[in-house]
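Residue-level structure breakdown
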Amino acid sequence: MRIPIIAGNWKMNKTEEEALQLVSDLKQRLGEVTGVKVIVCPPFTALFSVNKALENSSILLGAQNMHWEEKGAFTGEVSPTMLLTVGCKFVIIGHSERRSYFYETDHSVNLKVKSALKFSLSPIICVGEKLEERDANKTKEVIEIQLKGAYKELSDQQAEKTVIAYEPVWAIGTGKNATPQQANEVHVFIRKFLSDEYGEEISEKINILYGGSVNPKNSRELLAMSDIDGALVGGASLDAVSFEGIVKSAI
Ligand code: PGA
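Being a predicted model, the structure only gives us computed values, none of them experimental.

Right, let's get into the site of the ligand. The local shell around the ligand holds 13 residues, among which K11, H95, E167, G173 and S213 are the closest. K11 is positioned with one of its side-chain polar atoms (N or O) 2.7 Å from an oxygen atom of the ligand. Within the side chain of E167, a nitrogen or oxygen atom sits 2.7 Å from an oxygen atom of the ligand. Relative to its unbound accessible surface of 280 Å², the ligand loses 95% to contact with the protein.

Here it is as structure tokens:
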């Protein structure tokens with residue numbers, strides 16, 4: 001049985017003070033929740049303080065990106081060890097905004113995934129097609145290329161510790177979510193890829209999250225689908241009431 005995961009991707013939002021306010025609200029609202037893993041991914045500048053604020057809470061901490069090297073001359077980058085020291089357990093890798101605005105490739109995604117696993121961080125690996133790719137009937141082809149890239153040279157034990165987020169690019173921040181059926185069809189395809197690569201037992205253990213305009217109104221229907229094991233939430237994770245609604249719809 002996969003425990004659903006609801007992860008909030010705060011993107012480039014929330015100063016340290018605002019982040020602490022949101023976490024304090026979330027702790028009050030979600031303190032008693034069981035049967036779902038809740039993760040928040042604040043910007044780098046708030047990780048240290050949010051980690052402290054999350055003490056004695058079941059809410060887990062994740063980062064939105066990292067470099068694959070442990071240290072060195074990489075101006076402006078943050079390493080996996082740095083994330084560990086501020087309490088991160090998860091790290092989002094290869095978000096479509098990183099791929100499109102910062103030119104991340106399947107190769108850099110693979111380097112980051114391998115590095116995260118080496119340092120015992122669970123990568124939340126993002127894949128998803130653009131609108132023109134969906135319209136050209138290329139969704140599965142695109143997803144397969146991204147998955148092959150991300151999972152290159154990963155052992156069974158490593159693969160088991162990964163999380164996938166299927167985020168159709170056309171659904172991110174647009175208010176236009178994939179229908180539960182559209183999303184689940186891709187999730188089933190992703191699970192088949194994992195099963196072909198790592199066997200059915202491992203594929204059944206990996207959480208595949210849906211992301212793209214998830215809100216408290218559409219989350220229950222999405223999460224009820226056979227292969228949707230949680231959500232990666234952007235905009236609606238910035239508001240404690242909305243995020244609470246999504247988390248509770250997963251139980
Ligand atoms: P959204 O973003 O929920 O605002 O569409 C999701 C994401 O980019 O992870």
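Past the structure itself, the notes keep going.
Spatially, β1-β2-β3-β4-β5-β6-β7-β8 is the arrangement adopted by the eight strands of the closed barrel, whose pairing is parallel. Between one strand axis and the next, the sheet turns through 25° on average, direction left out of account. Taken together, the two bridges between strand β3 (residues 60–63) and strand β4 (residues 90–93) define a ladder with parallel strand orientation. Its bridge partner lying in β4, A63 is registered against V91. Along the sheet, helix α9 (residues 180–198) contacts β5 (122–127), β6 (163–166) and β7 (208–211); its crossing angle with β7, the most-contacted strand, is approximately 150°. The strands touched by helix α12 (residues 240–249) are β1 (5–9), β2 (37–41) and β8 (230–233); relative to β1, the strand with the most contacts, the crossing angle is about 160°.

Unusually for a residue other than glycine, K11 sits at a positive phi of about 55°. Mapped onto the elements, K11 comes out in the loop between β1 and α1 (16–30). Even without glycine at this site, S213 takes up a positive phi of about 55°. Topologically, S213 is positioned in the loop between β7 and α11 (219–223).

What counts, and at which threshold
Residues numbered from 1 in each chain as written. Predicted model: local features only at pLDDT ≥ 70, side-chain atom pairs only at ≥ 80, totals over all residues. Heavy atoms only, no water. Near = heavy atom within 4 Å. Polar contact = N/O pair within 3.5 Å; in protein donor to acceptor, adjacent residues only side chain to side chain. Areas by Shrake-Rupley, 256 points an atom, 1.4 Å probe, with all protein chains shown as cover. Pairing = 2+ DSSP bridges. Helix = DSSP H or I, 4+ residues; strand = E, 2+ residues; numbered from the N terminus. Axes fitted to C-alpha atoms, helices over the stretch in contact; angles between N-to-C directions. Contact = heavy atoms within 4.5 Å.

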